[in-house]
Amino acid sequence: MSISLTQSAADHVKKYLDNRGHGAGIRLGVRTSGCSGLAYILEFVDDSNPEDVVFSSFGVNLYIDPKSAIYLDGTEMDYVKEGLNEGFQFNNPNKKGECGCGESFTV
Amino acid sequence: MALLQIAEPGQSIAPHQHKHAVGIDLGTTNSLVATVRSGQSEVITNTEGQATVPSVVRFLDGKELVVGVDALRNAEIDPENTVTSVKRMIGRSLDDINTAELPYQFTRDNPKAPRIQTRSGKKSPVEVSAEILKVLYRRSVESLGEDIEGAVITVPAYFDDAQRQATKDAAHLAGINVLRLLSEPTAAAVAYGLDKQAEGVHVVYDLGGGTFDVSVLLFSKGVFEVLATGGDTALGGDDFDSLIAHWLKEQMGSPELDSAQWRSLLDLARNAKETLTEQEKVNLNYSCGGLQWSGALTVETFNILVTPLIKQTLRSCRKVMLDAKIGADEIEDLVLVGGSTRSPVVSSIVGDFFECEPLCSINPDHVVALGAALQADALIGNRREDEILLLDVTPLSLGLELMGGLVEKLIPRNSTIPVTRAQEFTTYKDGQTALALHIVQGEREMVEDCRSLAQFTLRGIPPMVAGAAKIRVTFQVDADGLLSVSAKEINSGVEAHVEVKPSYGLDETEVTKMLQESFDFARQDSEQRSLREQQVEAGRILESIKGALLVDGTRLLCNRERAEIDTKINQLEESMQGGDLHAVKRGCDELNAATENFAAKRMDSSISDALSGQRVDDL
Amino acid sequence: MPDSALNNIDIKSLSANYFELLNLPAAFDIDKKVLRKNYKALMSICHPDRFVAKSDAEKSAAVLATAHVTQAFNTLKSPPQRASYLLELLGYAVNFNASLSTDTQFLMEQLELRESLEKLVSCEDPDAEIQALMDHAGSLQTKEGQSFQAFYEQLSASVQTESRESLFQNAHDSVLKLRFLEKFFEEIDALQHKLLD
């Protein structure tokens, strides 16, 4: 399985980690909630869990808990700008539907 | 679609629950807005990537107006209708404003609240400032979405009560929920992360377009405390420009200049100043209204011209160090803020004075907004882990006029805020039934040398012999630095009470009227907007109180109290479903009243915990 | 904030005396560093910034608590205020408008201090003189503080009405001297500001 970042996403993550001053990488995950079933989690990682699956992409460590991994396989995280709005976006091949806001999805 | 930001561990929030807040630097020359994304403070730019908006508003025919670059571009051809540097006028009376140097027609009907006569009517500085704030806020909404919790707006530390109140009114007029007014130097120190460093004393030297501020801050034990603040509300980079322009005029042989020619000369001066931050010499060509001149300005001449102004700022620096009881050798960091500190002569003279290598790694034009955004983010609860507390101070002493024109200071300058101070006064004549109170701000001993904030009369004192009445006057300064005063006669059970909010000459009804006029919407829209705001407010109260009940409801409340609060919660939740603005408002008020005792008990409990345990020592 | 809202709120811990509130022993001689540290710890709990997104009731409680804690801090920070507060806790009221009972030695000191201050304005190197004057006033302040502490201890231990009266008179005078010295420091500050204008 694979989960990755785009170059742009990796650059931004590195910048935020530098600014924060500490942290091993970032956690990508999903949890049930939201208007369309599942919602993404995107957090800094200070302490990893032993069961985490760890990927590296452009020098950034990605921590994924095994339960989330099945929903995220093949996902690429990008950093995009839309007008004045900017932030991270998940391109997830597993998703079948998405709420209008893109913050939650169904598989 | 909404894009994601990186959260702190364990603090991912459910979709649609993101909380955003912004920091706004409402500057004399330029204004800008910033926010925190993925833990990092960033300025919000427009689609062309521009961060700053020139603080310029041009009034056009009808109700049209333009703000920013487009307005600035026309300042020369239409000076009477193009308002620049409005920050120098906000909260000021006609006497305080240097009207001779300005191209505007001021209305003189109310000298305490001057307005500028423009082609689209009389405009108060509050209204002009509100237009700038609207542009920034609109930009924030486009970038972050509609659900912005509010804004921290920065003011010079040296701003007095009237100027702060006026700034807050401008934000109100622009439809912005003000989380806090924050001193610019404090904001800058936060942006540099000085609040995360080891304990120490820091100095922030802020030379902006129109104001100069210097603050001494102490960071220790998670508290960032302003020890003293000082400065000059009428000194800034604009004065550099003016000095250079006067020098240029001399070089031209001192011709008579009309307002457009003078404005053009000021622009030339500003450009020269900016070029000289990187070059040794600048060639100048002036051409305006038939007048032509060319010549050059060297950095040496520039330095000689502006050094007296910089020396003037050092006087304020000495005073503020005196107040803070700090010597130059105790200072850890010197932070430079404001575009004018880009001139090498400024950083060199100031660095020498404080015996410090100045910090200037963050863009001095952005640093204040960036810090304000960090504080806004903390205030709405997004930064739980490294929570720090900012303790600000009153910049000027607050007092009352006594017999003979003397001032009795109730709250001395550099008092930590919020602060409440009460003092008892008495009557000086037999049978006296009223007492006039005159509230002033300033350091001098005589009333005429201080700034008058408000006057009111306490009536209904029962007739007594002179000196028998006990009149308790209470000054209260809130966390935004705003003062309210109340007076009460306490004798043989008789009480009289009056309250006044000092203003810059606009009364409450005028503000309300301006607010109504300012709504671009039809009346119905504005009602819907009020309803929506009230519903958001209700949601906030409910969330807060339910959270508190979850933690302390069982421990601190008896069944009866709990039942009463639950009833009010249900009532408010019900009224929120309906569309009746007044019902929601009433529901909020009633729930607040019903939980007053609960809130007091919770505060009591956390203070008692701190007192009884080791917690005070641990903190 | 309407005053009525504040009147309805009763935070019991705030009825503790200022020394208890700031976790210090009730004495004239206090550790200023501990005072400041405990003040900040309390402010971290009750400051309105902690309640920005909360209900109005919670905000009012925060404003009330902060103002009270600051009042306590300001009282204990100032030597004459602290001394006066200690006497208040023993049931005595200090009248700051009263004049000193005859103490010729202190009157002489007062006169000398005032004269030195007036001379400063016209002096060549005021900074050094100011420092000397501040040191002198500072040592007077320390001495007066020690006297007060002694009177205060005797007063708290004493049961005889007569000796209590004279002890209180002494302590009261001591507060007024501390008050004079505090004002004197303020005047030096004001002078230093004036010299910079």
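What counts as what
Residues numbered from 1 in each chain as written. Chains lettered and ligands numbered in written order. Predicted model: local features only at pLDDT ≥ 70, side-chain atom pairs only at ≥ 80, totals over all residues. Heavy atoms only, no water. Helix = DSSP H or I, 4+ residues; strand = E, 2+ residues; numbered from the N terminus. Buried < 20%, exposed > 50% of the residue type's maximum accessible area, 1.4 Å probe, protein only. Contact = heavy atoms within 4.5 Å. Areas by Shrake-Rupley, 256 points an atom, 1.4 Å probe, with all protein chains shown as cover. Core = buried A, V, L, I, M, F, W, Y, C linked by side-chain atoms within 4.5 Å. Lys, Arg positive; Asp, Glu negative; His and termini not counted. Salt bridge = Lys/Arg side-chain N within 4 Å of Asp/Glu carboxyl O. Buried area = accessible area lost by both parts, 1.4 Å probe. Pairing = 2+ DSSP bridges. Axes fitted to C-alpha atoms, helices over the stretch in contact; angles between N-to-C directions. Polar contact = N/O pair within 3.5 Å; in protein donor to acceptor, adjacent residues only side chain to side chain. Phe/Tyr/Trp six-rings, centres within 6.5 Å; stacked < 30°, edge-to-face > 60°. Lys NZ or Arg CZ within 6 Å of the ring centre and 35° of its normal. pLDDT = per-residue confidence, 0-100. Expected span 1.5 Å × (residues − 1). Arc of directions from axis to C-beta. Parallel < 35°, antiparallel > 145°, perpendicular 65-115°, else oblique. Nonpolar A, V, L, I, M, F, W, Y, C, P; charged D, E, K, R; others polar. Left-handed = near helix turned anticlockwise from the far one by under 90°.

This brings us to the overall build of chain A. On a plain count of helices and strands, chain A comes out with two helices and nine strands. Each helix and strand of chain A, placed in order from N terminus to C terminus, yields the pattern β-α-β-β-β-β-α-β-β-β-β. Taken over 107 residues, chain A has a buried fraction of 51%. If you take every contact in chain A between residues at least 6 apart in sequence, the share linking residues at least 24 apart comes to 55%. Accessible surface, chain A: about 4800 Å² in total, of which carbon and sulfur atoms supply 47%.

Bringing the overall build of chain C into the picture now. The number of helices and strands found in chain C is eight helices and zero strands. Beginning at the N terminus, the succession of helices and strands in chain C can be written as α-α-α-α-α-α-α-α. Out of the 197 residues in chain C, the part that is buried amounts to 50%. Counted over contacts in chain C with a minimum sequence separation of 6, partners at least 24 positions apart contribute 70%. Total accessible area on chain C is roughly 9700 Å²; 50% of this is exposed by carbon and sulfur atoms.

Looking now at the nonpolar core. Residues and elements named next belong to chain B. In this structure, Y205 and F354 are the most contacted members of the largest nonpolar core, which totals 53 residues. Residue contributions to this core peak at eleven residues, all from helix α7 (residues 299-324). Setting aside anything within four residues of it in sequence, one finds Y205 in contact with F212, D213, I310, T313, C317, L334, V335, L336, V337, T341, V346 and V350.

What follows is about the side chain of E109(C). Residue and element names in this part refer to chain C. Position of E109 relative to the elements: it lies in helix α6 (residues 104-120). For the buried residue E109, which engages in no salt bridge, the nearest side chain bearing the opposite charge is K143, 4.6 Å off. Aside from chain neighbours lying at most four places away, what touches E109 is H136 and L140.

Let us now look at the interface of chain B and chain C. A common way to express how large an interface is: the accessible area buried when the components associate. Tallying the contact residues gives 55 residues for chain B and 53 residues for chain C. Across the chain B to chain C interface the summed buried area is about 4700 Å²; carbon plus sulfur atoms make up 57%. Where chain B meets chain C, there are five salt bridges. R36(C) is the partner of E225(B) in a salt bridge, and the nearest nitrogen-oxygen pair spans 2.7 Å.

It is worth spelling out the sheet that holds strand β13 (residues 200-207) of chain B at this point. Residues and elements named next belong to chain B. Reading across the sheet, the five strands line up as β18-β13-β14-β15-β19 and stay open at both edges, with mixed pairing between neighbours. Two strands bound the open sheet, and with one partner strand each, they are β18 (331-337) and β19 (389-391). Averaged over all neighbouring strand pairs, the angle between strand axes comes to 20°, with direction disregarded. The pairing of β13 with strand β14 (residues 212-220) spans eight bridges and is antiparallel. When the sheet's bridge partners are listed, D206 is paired in β14 with D213.

So, on to the environment of E330(B). Residues and elements named next belong to chain B. For E330, the location among the structural elements is in the loop between α7 and β18. Residue E330 is classed as partly exposed on the basis of its relative accessible area, which comes to 40%. Sequence-distant contacts of E330, that is, excluding residues within four places in its chain, are made with V201 and K325. A distance of 2.9 Å separates a polar atom in the side chain of E330 from the backbone nitrogen of G327.

Once that is clear, we can look at the pairing of strand β26 (residues 483-489) of chain B. Residues and elements named next belong to chain B. For β26, a buried count of seven out of seven residues is recorded, marking the element as mostly surrounded by other parts of the structure. Neither face of β26 is open: one carries L483, V485, A487 and E489, the other S484, S486 and K488, and all of them are buried. Strand direction decides the pairing type here: strand β25 (residues 471-477) and β26, joined by seven bridges, are antiparallel. Looking across to β26, one finds that T474 is bridged to S486. Taking the residues between adjacent antiparallel strands as the criterion, β25 and β26 are bridged by five residues, where G481 takes a positive phi near 85°.

One pair of aromatic rings is described through two measures. These are the centre distance and the angle between the planes. As enumerated under the stated definition, the model contains 16 aromatic pairs over all chains in all. Ring centres 4.4 Å apart and planes at 10° place the aromatic pair Y18(C) and Y85(C) in the stacked group. Of the two residues, Y18(C) is situated in helix α2 (residues 18-21) and Y85(C) in helix α5 (residues 79-89); the sequence distance between them amounts to 67 residues. Pair check on accessibility: Y18(C) and Y85(C) agree, each one buried. For the ring pair F106(C) and F180(C), a centre distance of 5.9 Å and an interplane angle of 85° mean the geometry is edge-to-face. With F106(C) in helix α6 and F180(C) in helix α8 (residues 161-196), this pair connects stretches of sequence that are 74 residues apart. Exposure class is identical for F106(C) and F180(C). Each is buried. An aromatic cluster is defined as three or more aromatic residues linked by ring pairs; in this entry it consists of Y16(A), Y79(A) and F88(A). Positioned above the aromatic ring of F28(C) is the side chain of R82(C), whose terminal nitrogen or guanidinium carbon lies 4.5 Å from the ring centre.

Another aspect to go through is the confidence of the model for chain A. Here chain A averages 80 in pLDDT, while 79% of its residues score no lower than 70. Mean pLDDT values for the elements of chain A range from 58 in strand β9 (residues 104-106) of chain A up to 90 in strand β5 (residues 60-64) of chain A.

Residue and element names in this part refer to chain B. Pairing of strand β20 (residues 398-401) with strand β21 (residues 407-411) involves four bridges; the strand directions are antiparallel. Across the sheet, L398 pairs through a bridge with I411, a residue of β21. Hairpin connection, β20 to β21: the antiparallel pair is bridged by five residues, and G404 has positive phi, about 85°. Strand direction decides the pairing type here: β20 and strand β23 (residues 435-441), joined by three bridges, are antiparallel. Residue L398 lies in a different strand from β23, and its bridge partner there is Q441.

Turning our eyes to something else, we now look at the pattern of salt bridges. In total, this model carries 42 salt bridges over all chains according to the counting rule given. Taken together, the salt bridges that share partners define one network made up of R58(B), D61(B), D78(B) and R119(B).

Residue and element names in this part refer to chain A. Read across the open sheet, the three strands follow the order β1-β6-β7; overall the sheet is mixed. On the outer flanks of this sheet lie β1 (4-5) and β7 (85-91), each paired with one strand and no other. Looking at chain direction, strand β6 (residues 76-82) and β7 are connected through seven bridges and run antiparallel. The partner of E76 across the bridge, within β7, is N91. The sheet contacts of helix α1 (residues 7-20) involve β1, β6 and β7, and relative to β6 the element is tilted by about 85°.

Attention now moves to helix α12 (residues 559-577) of chain B. All names here are of chain B. Across its 19 residues, α12 extends 27 Å between first and last C-alpha, which sits within 8% of the 27 Å expected from 1.5 Å per residue. Of the residues making up α12, those classed as buried are E561, I565, K568, I569, L572 and S575. Along the axis of α12, the buried positions cluster into a sector of 135°, meaning they face one direction only. The outward face of α12, more than 90 degrees from its buried face, is lined by the exposed residues N559, R560, E574 and Q577.

Quick look at the confidence of the model for chain C now. Note that predicted coordinates carrying low pLDDT should not be read in detail. Residue and element names in this part refer to chain C. Of the residues in chain C, 94% reach a pLDDT of 70 or more, and the chain-wide mean stands at 85. For chain C, the element scoring lowest by mean pLDDT is helix α1 (residues 3-8), at 42; α5 scores highest, at 95. Taken as a whole, residues 1-7 scores under 50 in pLDDT and shows 14 contacts with residues more than four places along the chain or in a different chain.

Turning our attention to the packing of helix α4 (residues 184-191) of chain B against helix α9 (residues 367-379) of chain B. Residues and elements named next belong to chain B. Relative to each other, α4 and α9 sit at 80°, their axes nearing to 7 Å. Between α4 and α9, the interaxial angle falls into the category roughly perpendicular. On α9, the residues touching E184, A187, A188, V190 and A191 of α4 are V367, V368, L370, G371, A372 and L374. Considering only residue class, the contact of α4 with α9 consists of nine nonpolar, one polar and one charged.

So, about the packing of helix α5 (residues 237-251) of chain B against α7(B). Residue and element names in this part refer to chain B. Closest axis-to-axis distance for the α5/α7 pair is 10 Å, and the angle between their directions is 135°. Relative to α7, the element α5 lies oblique. Both α5 and α7 take part in a crossing whose hand is right-handed. In this structure, α5 uses D239, F240, L243, I244 and W247 to contact α7, whose residues at the interface are T301, F302, L305, V306, L309 and I310. A class-by-class count of the residues in the contact of α5 with α7 yields nine nonpolar, one polar and one charged.

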